[in-house]
Protein chains: 2
Amino acid sequence: MSEFGMSAEVESPCHYRRALEVVSSKWTVLVFYELEFGKRRYSDLKRRVEGVTQKMLTQTLRQLERDGLVVRHVYPTVPPTVEYELTPLGLTLIEPMRVLHQWTDAHYDSVRQARMAFDQENA
Amino acid sequence: MSEFGMSAEVESPCHYRRALEVVSSKWTVLVFYELEFGKRRYSDLKRRVEGVTQKMLTQTLRQLERDGLVVRHVYPTVPPTVEYELTPLGLTLIEPMRVLHQWTDAHYDSVRQARMAFDQENA
DNA sequence: CAGCATCCCCCTTGATACTG
DNA sequence: CAGTATCAAGGGGGATGCTG
């Protein structure tokens, strides 16, 4: 369990910092994007989120579940079926995420160019 | 330089993922919040961003500079004066950040409670 | 299918010391 | 003041193998 980074709430001075941990992982955000469109099975998520390992996917989903953003539905079939879905709380995050998403679409080229220029000068 | 995580643009399949690296660090976001209100000296930032080491602060500022979100102004005084300021591109990120910030204020208590409940059940 | 367990490496971060 | 340099430690994350 220590590998899951669910540290026992050590009080941090800054409120925002801990709040931002909610979305600070790249996998978190990418998984979240997939769940915006409805419930998804574990294997679907694994297929759709490119490059994620099952370890990181599971870890990310547990994190989201712990934060109350995602519910896990287990259906007692053989083989097992597990679906993940945004909670009402999770739904409230869609809009902020969408705004960030739009910024990305609009300005990422500028970031790329800035990076290239920076790397050029500091060669 | 390898310590600075400025890897040489290995092409990743997902576009969003790389874009999100721009804001995915907690220090990045916290430093960014400080700069929303105008230019700040290095020592000011170090004082205001609680818990950041000078190494991480420098690293974060370089990252933001490389991404074109921040400019670094050096004044040839003794002792040296260095100010950091958002660029026009950086300014466009304020609104998305603010939205995220507001979500944090509105819902972080819910997240806290969800975590406590989750940890209770999985004791 | 949907995971948990382990091993292991490397990268990030912290700590410390030094400088223009 | 505003950094850079170096070293050491820790943990995040990949790879692999196993299960209900």
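Note that the coordinates shown come from a computational prediction; the quantities given were computed from them, not determined experimentally.

Caption draft 1: Inspection of the sheet that holds strand β2 (residues 70-75) of chain A at higher detail. Residue and element names in this part refer to chain A. The sheet built from 3 strands is open, its strands ordered β1-β3-β2 with antiparallel pairing. Here the strands that pair on one side only, and so sit at the sheet edges, are β1 (40-41) and β2. Bridging between β2 and strand β3 (residues 81-86) involves 6 bridges; their strand directions are antiparallel. For Tyr 75, the partnering residue across the bridge sits in β3 and is Thr 81. Lying over the sheet, helix α2 (residues 26-35) contacts β1, β2 and β3, oriented at roughly 95 degrees with respect to β3.

Caption draft 2: Here's a closer look at the side chain of Glu 36 of chain A. Residues and elements named next belong to chain A. Structurally, Glu 36 can be placed in the loop between α2 and β1. Summary of buried charges: Glu 36 has no salt-bridge partner, and the nearest side chain of opposite charge, Arg 98, is 4.0 Å away. Beyond its immediate chain neighbours, meaning those up to four positions away, Glu 36 contacts Leu 86, Ile 94, Met 97 and Arg 98.

Caption draft 3: Main features of the environment of Ala 117 of chain A. Note that Ala 117 of chain A resides in helix α6 (residues 94-121). Taking C-alpha positions, Ala 117 of chain A is 42 Å from Tyr 84 of chain A, a pair spaced 33 residues apart along the chain.

Caption draft 4: Just the interface of chain B and chain A, in detail. Across the boundary between the two partners, chain B contributes 45 residues, which contact 45 residues of chain A. Overall, the association of chain B and chain A removes approximately 4,600 Å² of surface from exposure, summing both partners, and the carbon and sulfur fraction of that is 67%. The tally of links from chain B across to chain A stands at 4 salt bridges. Along the contact surface separating chain B from chain A lie 8 residue pairs in polar contact (both at pLDDT 80 or more). Those elements that place two or more of their residues in the side of chain B that touches chain A are α1 (15-20), α2 (26-35), α4 (54-66) and α6 (94-121) of chain B. Looking at which element gives the most residues to the side of chain B that touches chain A, the answer is α6 of chain B, with 16 residues. Partitioning the side of chain B that touches chain A into residue classes produces 23 nonpolar, 8 polar and 14 charged.

Caption draft 5: Main features of the packing of α2 of chain A against helix α4 (residues 54-66) of chain A. Residues and elements named next belong to chain A. Close contact between α2 and α4 brings their axes to 9 Å; oriented N to C, the two are set at 80 degrees. The angle between α2 and α4 falls in the class roughly perpendicular. Contacts between α2 and α4 involve Trp 27, Thr 28 and Val 31 from the former and Met 56, Leu 57, Thr 60, Leu 61 and Leu 64 from the latter. A breakdown of the residues in the contact of α2 with α4 according to their chemical character gives 6 nonpolar, 2 polar and no charged.

Caption draft 6: Here's a closer look at the packing of α2 of chain B against α6 of chain B. Residues and elements named next belong to chain B. Interhelical geometry of α2 versus α6 gives an angle of 110 degrees and a closest axis separation of 11 Å. Taken as axis vectors, α2 and α6 run roughly perpendicular relative to one another. In the crossing of α2 with α6, the sense of the turn from one axis to the other is left-handed. In this structure, α2 uses Val 29, Phe 32 and Tyr 33 to contact α6, whose residues at the interface are Ile 94, Met 97 and His 101. Of the residues in the contact of α2 with α6, the class split is 5 nonpolar, 1 polar and no charged.

Caption draft 7: Focus on the confidence of the model for chain A. Looking at chain A as a whole, its pLDDT mean stands at 86, while 86% of the residues score no less than 70. In the predicted structure, residues 1-13 of chain A sits below a pLDDT of 50 and forms 21 contacts with residues beyond four places in sequence or in another chain.

Caption draft 8: A look at the pairing of strand β3 (residues 81-86) of chain B. Residue and element names in this part refer to chain B. Extensive coverage of β3 is indicated by the burial of 5 of its 6 residues. Both strand β1 (residues 40-41) and β3 contribute to a ladder of 2 bridges, which runs antiparallel. Each bridged residue has a counterpart across the sheet, and for Arg 40 the counterpart in β3 is Tyr 84. Count of turn residues in the strand β2 (residues 70-75)/β3 antiparallel hairpin: 5 residues.

Caption draft 9: The relation of the copies chain B and chain A, seen in detail. Expressed as a screw transformation, the operator carrying chain B onto chain A has a rotation angle of 180 degrees and an axial translation of 0.0 Å, and the superposed copies differ by an RMSD of 0.1 Å. Accordingly, the operation relating the two chain copies is best matched by a two-fold axis. Measuring from the rotation axis to each C-alpha of chain B, the shortest distance belongs to Ser 24 of chain B, at 2.4 Å. Mapped onto chain A, 100% of the interface residues of chain B again fall at the interface, so both copies present the same surface.

Definitions and limits used
- Along each chain, residue indices are assigned from 1 in the same order as the chain's sequence is written.
- Throughout, the order in which chains and ligands are written sets their labels, letters from A for the former and numbers from 1 for the latter.
- Whole-chain, interface and lining totals are the exception, using all residues; otherwise, since this is a predicted model, local features are given only for residues with pLDDT of at least 70 and side-chain atom pairs are given and counted only at 80 or more.
- Computation of side-chain values covers all heavy atoms of the structure but excludes hydrogens and water.
- By definition, two strands form a pair when at least two bridges between them are found by DSSP.
- The way it works is that DSSP assigns letters per residue, a run of H or I at least four long becomes a helix, a run of E at least two long becomes a strand, and they are numbered from the N terminus.
- Contact definition: two residues touch when any of their heavy atoms are within 4.5 Å.
- Throughout, an axis means a line fitted to C-alpha atoms (over the contacting stretch in the case of helices), and angles, computed between N-to-C directions, take values from 0 to 180 degrees.
- With a 1.4 Å probe rolled over the protein chains alone, any residue whose accessible area is under 20% of its type maximum counts as buried; one over 50% counts as exposed, and the rest are partly exposed.
- Charge counting treats Lys and Arg as positive and Asp and Glu as negative, with His and both chain ends excluded.
- Any Lys or Arg side-chain nitrogen found within 4 Å of a carboxyl oxygen on Asp or Glu counts as a salt bridge.
- Computed with a 1.4 Å rolling probe, the buried area is the accessible surface lost when two parts are put together, summed over both parts.
- Whenever two N or O atoms come within 3.5 Å, that pair is a polar contact, provided that in protein one can donate a hydrogen and the other can accept it, and provided that, for residues adjacent in sequence, both atoms are side-chain atoms.
- The classification used treats Ala, Val, Leu, Ile, Met, Phe, Trp, Tyr, Cys and Pro as nonpolar, Asp, Glu, Lys and Arg as charged, and all other residues, Gly among them, as polar.
- In this scheme, roughly parallel covers angles under 35 degrees and roughly antiparallel covers those over 145, while 65 to 115 is roughly perpendicular and the rest are oblique.
- Whether a crossing is left-handed or right-handed is set by the direction in which the near helix is turned from the far one by less than a right angle, anticlockwise for left-handed and clockwise for right-handed.
- pLDDT measures the predictor's confidence residue by residue and takes values from 0 up to 100.
- Copies overlap after least-squares fitting; the atoms used are the C-alpha atoms of residues with pLDDT of at least 70 in both.

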